[in-house]
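Next come the chains, spelled out residue by residue.
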Amino acid sequence: MSSVYLCHSEPDLYDFEAEVLEVRPGAVRLSRSALHPGGGGQVADLAGLEHAGGTAQIVGVRVEGDDVWHLLDDPGEPTGLTGTVRVRIDAEHRHRVAQLHTDSHILNALVFDAFDGALVSGAQINGDGTGRMDFDLPNVDNERLRSLEPAVNDIIGNGLTVRAQYVPVAEADTTPGLIRSLSVAPPPTPDGRLRVIEIAGVDRQACGGTHLRDTGESAGFRILKVENKGKHNRRVRFALDLPG
Ligand SMILES: [Zn+2]
């Protein structure tokens, strides 16, 4: 599948129509999709699906080569799922993930600065407002990591602009820190460019996920726990400070 997603070029497209191309038990393939398929540790979008024969829930996305399968809540053979369908993306889910994902960039930038270019060795952004990042950080005091929480919240509070842009792969290769992750770097576009997310004055790194437009749209950020994972890795568990 192309690494350029419709949700990247049209981030506000939450409600769209599409044609059913193919069905199989528990899944449907559509002519277009504005869902983020997940990847790089981020969960996929969720959505409701209305069709002539009724309704269904899209609970996940599976990319198989060039084919994007939307996984349905009912694992059985879909009945009556043909023709034109209407898809409504779960905007709250998308927003929770975008908040946490944007906050993870902020944390990542602070760790990169505080610990001499330390790289991310893994990440997971869940739909429930929790997540974790693993950093390649041998020999550091976990309290130093934990103490970055107020600085993350300062940057959230400052309301900084978050922008997506595309840069040539060659530029990425010569810009230290642009590829920040050891394991989850997104693939370049067919014309050899990389999607880069910039948080004004704070962070600039290649990423294919969903983000806020302004850090001020995020709820507060809490570091729940810092754990040692093997000799090299520190795992930081975090959550959005959501109301209720
Ligand atoms: Zn990102």
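Just so it is clear, the structure is predicted and the values come from calculations on it, not from any experiment. Sequence order as written defines residue numbering, which begins from 1 separately in each chain. This being a predicted model, a pLDDT of at least 70 is required before a residue's local features are given, and a value of 80 or more before pairs of side-chain atoms are given or counted; all residues contribute to the totals for chains, interfaces and linings. The side-chain values count all of the structure's non-hydrogen atoms but skip hydrogen atoms and water molecules.

## Thoughts on the overall build of the chain
Secondary structure follows DSSP: runs of H or I at least 4 residues long count as helices, runs of E at least 2 residues long count as strands, and numbering of each begins at the N terminus. Along its length, the chain carries 5 helices and 13 strands. Scaling as 2.2 N^0.38, a compact globule of 244 residues should have a C-alpha radius of gyration of about 18 Å, and the chain matches this with 19 Å. Taken along its principal axes, the extent of the C-alpha atoms in the chain is 60 × 45 × 35 Å. Within the chain, the fraction of its 244 residues that count as buried is 47%. For the area figures, the Shrake-Rupley method with a 1.4 Å probe applies, and any residue is considered shielded solely by the protein chains shown. Element-wise, carbon and sulfur atoms account for 48% of the exposed surface of the chain, whose accessible area totals about 11300 Å². This count recognises Lys and Arg as positive and Asp and Glu as negative, with His and chain-terminal groups excluded. Lys charges are placed at NZ, Arg charges at CZ, Asp charges at CG and Glu charges at CD. A gap of 4 Å separates the mean positions of the 24 positive and 35 negative side-chain charges of the chain. Just to be clear, the radius of gyration here is over C-alpha atoms, and the globule rule we use is 2.2 Å times residues to the power 0.38. Here the term buried applies to any residue with accessible area under 20% of the maximum for its type, exposed to any over 50%, and partly exposed to those in between, with areas from a 1.4 Å probe on protein chains only.

## Details of the domain arrangement of the chain
One can read the domain layout of the chain as domain 1 (6-89) and domain 2 (94-241). Averaged C-alpha coordinates put domain 1 and domain 2 at centres separated by 28 Å. Contact criterion: two residues are considered in contact whenever any of their non-hydrogen atoms come within 4.5 Å of each other. Across the contact, 13 residues belong to domain 1 and 15 residues belong to domain 2. Once two parts are brought into contact, the accessible area they lose, counted with a 1.4 Å probe and summed over both, makes up the buried area. Approximately 1100 Å² of surface area, both sides summed, lies buried where domain 1 meets domain 2, with 46% of it carried by carbon and sulfur atoms. When the buried surface of domain 1 facing domain 2 is broken down by residue, His-8, Gln-42 and Val-43 rank first, second and third, together holding 44% of it. Each salt bridge in this description consists of a side-chain nitrogen of Lys or Arg and a carboxyl oxygen of Asp or Glu lying within 4 Å of one another. Between domain 1 and domain 2 we count 2 salt bridges in total. The salt bridge involving Asp-12 is made with Arg-213; its shortest N-O contact spans 3.2 Å. Segment limits for the domains were obtained from an automatic or database-derived domain assignment.

## A look at helix 2 (residues 91-114)
In an α-helix, one turn spans 3.6 residues, which is why side chains three or four residues apart end up on the same side. In this analysis, the expected span of each helix is defined as 1.5 Å times one less than the number of residues it contains. Counted at 1.5 Å a residue, the expected span for helix 2 with its 24 residues is 34 Å, and the 34 Å between its end C-alpha atoms agrees. Burial of helix 2 is extensive: 17 of the 24 residues sit out of reach of the surface. Between N or O atoms, a polar contact is any pair within 3.5 Å; within protein, one atom must be a potential hydrogen donor and the other a potential acceptor, and residues adjacent in sequence are included only when both atoms are from side chains. Among the residues of helix 2, the N-terminal cap falls to Asp-90, whose side-chain oxygen and the backbone nitrogen of Glu-92 are separated by 3.1 Å. Residue Asp-116 follows helix 2 closely and has a positive phi angle near 60°.

## Comments concerning the sheet that holds strand 10 (residues 193-199)
The rule for pairing is simple: two strands pair if DSSP sees at least two bridges between them. Strand order in the open sheet formed by 3 strands is 9-10-11, and the pairing between neighbours is antiparallel. Edge positions in the open sheet fall to strand 9 (162-168) and strand 11 (203-206), since each of these has one partner strand only. Strand-to-strand twist across the sheet, computed as the mean angle between neighbouring axes with direction ignored, equals 25°. Think of each axis as a best-fit line through the C-alpha atoms, taken over the contacting stretch in the case of a helix, with angles from 0 to 180 degrees between the N-to-C directions.

## What about the pairing of strand 3 (residues 47-51)?
Here strand 3 shows a buried face lined by Ala-47, Leu-49 and His-51 and an unburied face lined by Gly-48 and Glu-50. With 5 bridges connecting them, strand 3 and strand 4 (residues 54-64) associate as antiparallel partners. Note that in strand 4 the partner of Ala-47 across the bridge is Ile-58. Where strand 3 hands over to strand 4, the hairpin turn is made up of 2 residues, counted between the paired strands. Of the strand pairs in this sheet, strand 3 and strand 6 (residues 84-89) are connected by 4 bridges, and their pairing is antiparallel.

## Quick notes on the sheet that holds strand 5 (residues 67-72)
Here 6 strands make up a closed barrel; going around it, the order is 1-2-5-4-3-6 and the pairing antiparallel. This sheet shows a mean twist of 45° between the axes of neighbouring strands, independent of strand direction. For strand 2 (residues 27-30) and strand 5, the ladder comprises 3 bridges, and the chain directions are antiparallel. Its bridge partner being in strand 5, Arg-29 is matched across the sheet by Trp-69.

## Re unusual backbone geometry
Positive phi values are uncommon outside glycine, yet Asp-116 reaches one of about 60°. Of note in the backbone geometry, Asn-139 takes a positive phi value of approximately 55° without being a glycine. Looking at the secondary structure, you find Asn-139 in the loop between strand 8 (130-136) and helix 3 (142-146).

## Here we look at the pattern of salt bridges
All chains considered together, the criterion is met by 18 salt bridges. Here Glu-64 and Arg-24 are joined by a salt bridge, their closest N and O atoms 2.8 Å apart. Of this pair, Glu-64 sits in strand 4 while Arg-24 sits in strand 1 (residues 15-24), and the two are 40 residues apart along the sequence. A residue is classified by how much of its surface remains accessible, and Arg-24, at 25% relative accessible area, is partly exposed.

## Some words on the packing of aromatic side chains
Only centres within 6.5 Å qualify two rings of Phe, Tyr or Trp (six-membered ring in Trp) as a pair; their planes then separate them into stacked at under 30 degrees, edge-to-face at over 60, and tilted for everything else. Across all of its chains, the model carries 1 aromatic pair by this definition. Consider the rings of Phe-221 and Phe-238, whose centres lie 5.2 Å apart with planes at 40°: the pair is tilted. Of the two residues, Phe-221 is situated in strand 12 (residues 220-229) and Phe-238 in strand 13 (residues 233-241); the sequence distance between them amounts to 17 residues. With a relative accessible area of 1%, Phe-238 lands in the buried category. Seen from the ring of Trp-69, Arg-24 lies directly overhead, with NZ or CZ sitting 4.1 Å from the centre. Taking the ring centre of Trp-69 as reference, the NZ or CZ of Arg-29 above it sits at 5.9 Å. Placement of a positive charge over a ring is assigned whenever Lys NZ or Arg CZ falls within 6 Å of the ring centre and within 35 degrees of the normal to the ring plane.

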